[in-house]
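The lines below spell out each chain.
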Amino acid sequence: MYQEINLDKIDINAEPPIEEPDRQYYYMAKCRKWVRKFERKNGRLPTAFIQTFGCQMNARDSEKLMGILENIGFEQSDSEEADFVLYNTCTVRENANNKVWGRLGYLNVYKKRHPHMKIALCGCMMQEPEVLEKLQKSYPFVNLVFGTHNIYKFAELLEISLTQQRMVIDIWKDTDKIVEDLPVERKYNFKSGVNIMFGCNNFCSYCIVPYVRGRERSRKPEDILLEIERLAADGVVEVMLLGQNVNSYGKTLNEPITFAELLKRIEKIEGIKRIRFMTSHPKDLSEELIEVMRNSKKICRHLHLPLQSGSSRILKEMNRQYDKEQYLSLVKKIREAVPGIALTTDIIVGFPGETEEDFLETMDVVKQVEYESAFTFIYSKRTGTPAAAKENQVPENAVKDRFQRLLKEVQRIAAQKADAYTGKTEPVLVEEVNEQDETLVTGRLSSNFIVHLPGTDEMIGKLVNVKLKECRGFYFYGEAEE
Ligand code: SAH
Ligand code: SF4
Ligand code: F3S
């Protein structure tokens, strides 16, 4: 884990070190020299802005990138009107890409008025060859492009792009490397994401993630535990363990360890009060994990268990490796073992070849499981995935109709599930002062529902017992109890 390193003590006239992370510290020191020059010229420090698209893994990566920028001497800006703007992109669905292209257009206009500004792009979308081609052809104002595998090299790439005019591009196809000990700038003081693994080996037939994030790699348990111990010492009370399929954590390590075992070790760390994780793939969810969840005092009563489809035929086509019955029996086991657990899910509507009957199977699972919340997505064709080559794409109007019906059902059930909490007193971890009303603070239940209550910023990061007085669909109004 990151230790304060005095960049000014690094000899930047020497040859760059070969070993990581020393090499990156050397380049951070070099970038700092550039920052000093900027400061002398402009009478202020340069500003940096990062916009994150996509999932929690990208959010965590952005914290690492901001950590590096702040170490170098950049000041964090809260808008794109900054000296250095970085978009950390997502490509899981087409609309994720469209957002980036749109924002880049605006950024170009701004850069015309501020030509010294540097624009950088990284993340999953950059791993797609077509995206790179389009950038080189039509977006020459972009200064730096890098991918998901070499993100740890950010300082080195930044140094090159700060001192050159041409577009700097560095994209790797894959890596087996995990670089520890780089600086991180956390968004919240009291909670933090923690990567436990990178990449994905599942190749669900619709999904682009394995192609842009590479093969599955687990971090060593001792590195993870050390990171969490340091976070706890720094005031963090809640950790969210991150991976595309946390249930297969540790299988490829030289000394294999299960995810359940990792959880047991994290549970012992003093100061950590809540443990969350995502995402769980149903095919790898073990009895051992259910047992650990059942006995745990710290693991939240919430499990995100993506269904994707309720039709066994479609699940097979999706290469999900479970069927409707297996999924339902898993849910039954979990609900029995961990009473009061909230279940949430992801569902795709309109996978190629999905019929009305298939869709009704999905509706049936939704009704049987009664999810506390569900993310519903319209199938998006991703170039290079097996599903994109299928000819029987579902007509748009049928997809839209199914999507609306599903959404309505999901919302109806979620509201009903939430309402069952009304009147109860539950622990809430207070996260922030409410943006709309400063007399309120906002926090979360163990089951992940959001609660607003009267309070002050002194409560942030604390667990308080809250009487849930009123349910407003997906969130609550409550009052702290003495
Ligand atoms: N690793 C996680 C999911 C990561 S992507 C898992 O296996 O559950 C998050 C969600 O995006 C997926 O669960 C899926 O529902 C959705 N998704 C992925 N690819 C998609 C596509 N091509 N079209 C629509 N939704 C997609
Ligand atoms: Fe995509 Fe499937 Fe991997 Fe999740 S498990 S990231 S849906 S390939
Ligand atoms: Fe998107 Fe990459 Fe996450 S494609 S969902 S940011 S892993």
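For the structure itself, consult the block above.
One structure accompanies this document, and this report is about it. (Residues numbered from 1 in each chain as written. Chains lettered and ligands numbered in written order. Predicted model: local features only at pLDDT ≥ 70, side-chain atom pairs only at ≥ 80, totals over all residues. Heavy atoms only, no water.)

### A look at the overall build of the protein chain
Scanning the protein chain from terminus to terminus reveals 13 helices and 19 strands. Against the compact-globule benchmark of 23 Å for 482 residues, the protein chain has a radius of gyration of 23 Å, which places it among compact chains. For the protein chain, buried positions account for 56% of its 482 residues. Across the protein chain, every contact between residues at least 6 apart in sequence was considered, and the portion connecting residues at least 24 apart equals 73%. Here the protein chain contributes 69 positive and 73 negative side-chain charges, whose respective centroids are spaced 2 Å apart. (Helix = DSSP H or I, 4+ residues; strand = E, 2+ residues; numbered from the N terminus. Rg over C-alpha atoms; globule rule 2.2 N^0.38 Å. Buried < 20%, exposed > 50% of the residue type's maximum accessible area, 1.4 Å probe, protein only. Contact = heavy atoms within 4.5 Å. Lys, Arg positive; Asp, Glu negative; His and termini not counted. Charge placed at Lys NZ, Arg CZ, Asp CG, Glu CD.)

### What to know about the sheet that holds strand E16 (residues 440–445)
The sheet built from five strands closes into a barrel, its strands ordered E15-E16-E17-E19-E18 with mixed pairing. Neighbouring strand axes in the sheet, compared pairwise and without regard to direction, differ in orientation by 50 degrees on average. Bridge analysis of strand E15 (residues 425–433) against E16 gives five bridges, and the strand direction is antiparallel. Residue pairing across strands places Glu432 opposite Thr442, the latter belonging to E16. (Pairing = 2+ DSSP bridges. Axes fitted to C-alpha atoms, helices over the stretch in contact; angles between N-to-C directions.)

### Quick look at the site of ligand 3
Lining the immediate environment of ligand 3, one finds Cys55, Asn58, Cys90, Thr91, Val92, Cys124, Arg213 and Gln244. Each residue belonging to the shell around ligand 3 can be placed in one class, and the counts come to four nonpolar, three polar and one charged. (Near = heavy atom within 4 Å. Nonpolar A, V, L, I, M, F, W, Y, C, P; charged D, E, K, R; others polar.)

### Brief notes about the pairing of strand E19 (residues 475–480)
Bridge count for strand E17 (residues 450–454) against E19 is three bridges, and the pairing is parallel. Among the inter-strand pairings, Val451 is bridged to a residue of E19, identified as Phe476. Looking at chain direction, strand E18 (residues 463–471) and E19 are connected through five bridges and run antiparallel. Opposite Val466, over in E19, you have Ala480 as the bridge partner. Taking the residues between adjacent antiparallel strands as the criterion, E18 and E19 are bridged by three residues, where Gly473 takes a positive phi near 80 degrees.

### Remarks on the site of ligand 1
Near ligand 1 you find 15 residues, and of these Arg93, Gln244, Gln308, Asp346 and Ser380 are the closest. Contact distances for ligand 1 include 2.8 Å between a nitrogen atom and a backbone N or O atom of Ser380. In isolation ligand 1 offers 540 Å² of accessible surface; the protein chains occlude 90% of this area. Elements with a contribution of two residues or more to the shell around ligand 1: strand E13 (342–349) and strand E14 (373–378). Classifying every residue of the shell around ligand 1 by side-chain character gives seven nonpolar, four polar and four charged. (Polar contact = N/O pair within 3.5 Å; in protein donor to acceptor, adjacent residues only side chain to side chain. Areas by Shrake-Rupley, 256 points an atom, 1.4 Å probe, with all protein chains shown as cover.)

### Here's the deal with the sheet that holds E14
With respect to topology, three strands assemble into an open sheet ordered E12-E13-E14, the strand pairing being parallel. Both edges of this open sheet fall to strand E12 (302–304) and E14, since each of them pairs with a single strand only. Across this sheet, the average inter-strand angle for adjacent strands is 15 degrees, counted without regard to direction. Looking at chain direction, E12 and E13 are connected through three bridges and run parallel. By the bridge assignment, His302 is partnered in E13 with Ala342.

### Observations concerning the environment of Asp78
Summarising the element assignment, Asp78 is placed in the loop between strand E2 (75–76) and strand E3 (84–89). Put simply, Asp78 and Thr47 are 31 residues apart on the chain and 9.3 Å apart in space, counted from C-alpha to C-alpha.

### Some thoughts on helix H3 (residues 94–113)
If you check H3, its first and last C-alpha atoms are 30 Å apart, about what 20 residues at 1.5 Å a residue would give, namely 28 Å. Buried within H3 are the following residues: Ala96, Asn97, Val100, Trp101, Leu104, Leu107, Asn108, Tyr110 and Lys111. In this structure, the buried residues of H3 make contact with E3, strand E4 (118–123) and helix H4 (129–138). (Expected span 1.5 Å × (residues − 1).)

### So, unusual backbone geometry
For residues that are not glycine, phi is negative in most cases, and the peptide bond is trans in most cases. Cis rather than trans, the peptide bond between Glu20 and Pro21 has omega equal to 0 degrees. Among the structural elements, Pro21 can be located in the segment before helix H1 (22–42).

### Comments concerning the pattern of salt bridges
Scanning the entire structure with this criterion turns up 38 salt bridges. The shortest N-O distance in the salt bridge between Glu227 and Arg60 comes to 2.8 Å. Of this pair, Glu227 sits in helix H7 (residues 221–233) while Arg60 sits in helix H2 (residues 56–72), and the two are 167 residues apart along the sequence. An identical accessibility class is assigned to Glu227 and Arg60; each is buried. Taken together, the salt bridges that share partners define one network made up of Arg60, Glu63, Glu180, Arg219 and Glu227. (Salt bridge = Lys/Arg side-chain N within 4 Å of Asp/Glu carboxyl O.)

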